[in-house]
2 protein chains.
Amino acid sequence: MSPEFDAVDVILTKRDRRALSDEQIDWVISAYTRGDVADEQMSALAMAILLNGMDRREVSRWTEAMIASGERMSFADALDGRPTTDKHSTGGVGDKITLPLAPLVAACGAAVPQLSGRGLGHTGGTLDKLESIPGWRASLSGDEFLAQLRSVGAVICAANDNLAPADKKLYGLRDVTGTVESIPLIASSIMSKKIAEGTGALVLDVKVGSGAFMKEVDAARELAETMVALGSDHGVRTVALLTNMQTPLGLTAGNALEVRESVEVLAGGGPEDVVELTLVLAREMLAAAGIDDVDPATRLKDGSAMDVWRRMIAAQGGDPEGELPTARETHVVPVPADGVLTRLDAYAVGVAAWRLGAGRARKEDPVQAGAGVQLHAKPGALVRGGEPLFTLHTDTPERFDRAMEALADAITIAPEDSRPDLLPLVIERVGA
Amino acid sequence: MSPEFDAVDVILTKRDRRALSDEQIDWVISAYTRGDVADEQMSALAMAILLNGMDRREVSRWTEAMIASGERMSFADALDGRPTTDKHSTGGVGDKITLPLAPLVAACGAAVPQLSGRGLGHTGGTLDKLESIPGWRASLSGDEFLAQLRSVGAVICAANDNLAPADKKLYGLRDVTGTVESIPLIASSIMSKKIAEGTGALVLDVKVGSGAFMKEVDAARELAETMVALGSDHGVRTVALLTNMQTPLGLTAGNALEVRESVEVLAGGGPEDVVELTLVLAREMLAAAGIDDVDPATRLKDGSAMDVWRRMIAAQGGDPEGELPTARETHVVPVPADGVLTRLDAYAVGVAAWRLGAGRARKEDPVQAGAGVQLHAKPGALVRGGEPLFTLHTDTPERFDRAMEALADAITIAPEDSRPDLLPLVIERVGA
């Protein structure tokens, strides 16, 4: 047992720019989880951490303490030696990569135990997307989870409440107290859940650009390095890629719209950037899991990834052949002038999709399965005035105006010989 | 009406080192007072203010908003032109100055409307001290307050709940969230109450040294300058003195012990430092009130200050001739060696008095009227080993050990030709 501490002493330590001891961290996380440290004390501590930072040891211990607040899953004995590997994205616009990626990696021989979340704000959530499939359910019992992981090789479902409950409580608090944007707190939040989830290997897709949480490469690199170190500290082989989120991924942002695009990728088609990022991440996930004798591109071509997808959806009650919902109303926004599309802003598209009904402002809000934005061109394309640029989808047409406001400054069209100044799709790799 | 704001936006403004707008400050204080901004949001904001500061305009507006959260008293018409003047001390050990000072200043022709507080931690509270007088009560109605101010010229009583309620709520929050030690928050807390109290002039006694909140002259000066500026901004003629709190004031720390010493001063005796500081502060209070034709020293000598004291105590139900309580047990701590007492630490004496029962750890704790520490020597005195150094007083003798622990390193005795290296009693004056 750790000795008893006083919440004010812990706050003063960080406020006065000193390092928290291991014992202070263990105590404050555990006392906060059981309610002995009050929300107003934890929020003052979170603000002090945000402004004064935490060193590598502190972040590692903080993560450890959040994991210890709940159960830590383990598949070591359950999968007959099949390695587990997972991916986490820090969130972007049109980021449906998990949907083709999880079945693809399973088709290559690894098991993918992905506990995922719902969207809040302008980025969509993987569970919201999958829930647009008729019948599909996000909640599984522990036994169902394990059985599906064994038989199908891939599970995407909601985390249960026993997984890092301290993180759940702290994240809700940070959301209302202006203490979200702290690299130590973001890194420990993501990594405590992923480590507790029990995966043996992890690939982090750290998004950079207007549509991402991290707008600058330097901050994204710091977050990536912090998370990779945390993974290594806790025995999870972890790699991070910094990837481009200046512009949306693929040609859709919205729940059913993105499922449809993901199925196209699994069928061997789909937008080039979605296919490329799916393959890059699949290779990293397989390498981290020690599988180097399979090329995921072949498993996409030969239909085996699609096969796993169908079984994965069906195992969770969904109909993989069922018709996906479509929005009741659409509205086409035309290209304003001839030229080259040199900028298509991810954040603007994310906000438009959100306003059309694809996202939620509060955790308890419902989302529209069919709502979202469809893109008819991507940066680099030659466009002609009057051609379709965006198609907006919603069940509630009174939302079109506010979505179009969000898109008012979303694009730049330059003379025909211009080239867009874009970051590459994969900007940088951060290894252990 | 101010427009609606969002608490998180206000927090982010200060977190990101920008200045809060007047409208943000008005809104956040008012919304916090009525419960629309949650404690965990206000504590995050308080931590951001503590770490990132507030400029002169922000502190002034913050103070204004705290005043506006309740009623602002005014005596302009009620006193037939008699000026009002008050004193506030930031708190020290053995600081009983208010007790002789208020009746003395009233005896010189000004009215003293002092709303005072109870002690918390190692510094005593004026109300706790006066409550050791049999029958005396701290709570007065508004009418009683005004009637006594008119007839006696001095009132020391508890503030009612309508005076700066935002400050009351915020102070309780800061106390448990490690956000007390912020000059903008301390200054606005003190000044919002004093300005709302309706005094026309104010003298601030800003204590410096081990027994005070401010350990260093520079920080105390910054606090003094901030408060003097706030007074001027709000039409209260304000002056501050930085005074020495390295060593206790007078020869007693404890409730009834300090009342007894105060009565000695009113009777023309008492310790030199208590008499000197009482007279210095009386002259400042009178000057700030525009009274320059009376020497308070004569009103101490001729018994007129004692006369006001008796009437002031009697008006609040106390018996000025009644016997003061004494503790059931005493214990004498002897001088350990021959020499000159060069250091007698105020904080150590304050903690010892607190542990003996004179102070409280929580707002709801009772205090012992008779408990405390009596000093038999002050720095500069020649002392002989074996003579009494401290007499400890308590009703609960099991407290002696912990009180003596607090005093273990309280003194330095140096060879006979040594001189103590002490700050002067009055270190500096800060005027408008």
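Higher on the page you've got the structure.
The structure reproduced in this document is the subject of the present report. (Residues numbered from 1 in each chain as written. Chains lettered and ligands numbered in written order. Predicted model: local features only at pLDDT ≥ 70, side-chain atom pairs only at ≥ 80, totals over all residues. Heavy atoms only, no water.)

### Focus: the pairing of strand 8 (residues 339-344) of chain B
Residue and element names in this part refer to chain B. Operational definition: For every residue, the accessible area obtained with a 1.4 Å probe (protein chains only) is divided by the maximum for its type, and the residue is called buried under 20%, exposed over 50%, and partly exposed between those limits. What counts as a helix is a DSSP run of H or I of at least four residues, what counts as a strand is a run of E of at least two, and both are numbered from the N terminus. Strand pairing is assigned whenever DSSP identifies at least 2 bridges connecting the two strands.
Within strand 8, 5 of the 6 residues are buried, which leaves the element mostly enclosed by the surrounding structure. Alignment of strand 8 against strand 10 (residues 382-383), held across 2 bridges, turns out to be antiparallel. Within the sheet, the bridge partner assigned to Gly339 lies in strand 10 and is Val383. Of the pairings in the sheet, the one linking strand 8 to strand 12 (residues 411-414) comprises 4 bridges and is antiparallel in character. Across the sheet, residue Val340 finds its bridge partner in strand 12, namely Ala414.

### Details of the nonpolar core
Worth spelling out the cut-off: Among the buried residues, those of types Ala, Val, Leu, Ile, Met, Phe, Trp, Tyr and Cys that are joined through side-chain atoms within 4.5 Å form a nonpolar core. Contacts between residues were defined by any pair of non-hydrogen atoms, one from each residue, lying within 4.5 Å.
Judged by nonpolar contacts, the single largest core of 129 residues is most densely connected at A:Ile29, A:Trp62, A:Val206, B:Ile29, B:Trp62 and B:Val206. When neighbours within four sequence positions are excluded, A:Val206 is seen to be in contact with A:Thr90, A:Ala220, A:Leu223, A:Ala224, A:Met227, A:Ala240, A:Leu241, A:Leu242 and A:Thr243. Grouped together as the second largest cluster of nonpolar side chains are 77 residues, A:Val105, A:Cys108, A:Ala154 and A:Leu324 included.

### Considerations on the pattern of salt bridges
Applied cut-off: Basic side-chain nitrogens of Lys or Arg form a salt bridge, by our definition, when they fall within 4 Å of a carboxyl oxygen of Asp or Glu.
Enumeration over the complete set of coordinates arrives at 58 salt bridges over all chains. Residue A:Arg221 is joined to A:Asp218 by a salt bridge in which the shortest nitrogen-to-oxygen separation is 3.1 Å. In this pair, A:Arg221 and A:Asp218 both sit in helix 10 (residues 217-233), 3 residues apart, roughly one turn of the helix. Judged by its relative accessible area of 24%, A:Arg221 falls in the partly exposed class. As a salt-bridge pair, B:Lys207 and B:Asp95 come within 3.9 Å of each other at their nearest N and O atoms. With B:Lys207 in strand 4 (residues 201-208) and B:Asp95 in the loop between strand 1 (85-89) and helix 5 (98-107), this residue pair connects regions lying 112 residues apart in the sequence. Comparing B:Lys207 with B:Asp95, the two get one shared label, buried. When salt bridges with common partners are traced through the structure, they connect A:Arg15, A:Asp16, A:Arg18 and B:Glu181 into a single cluster.

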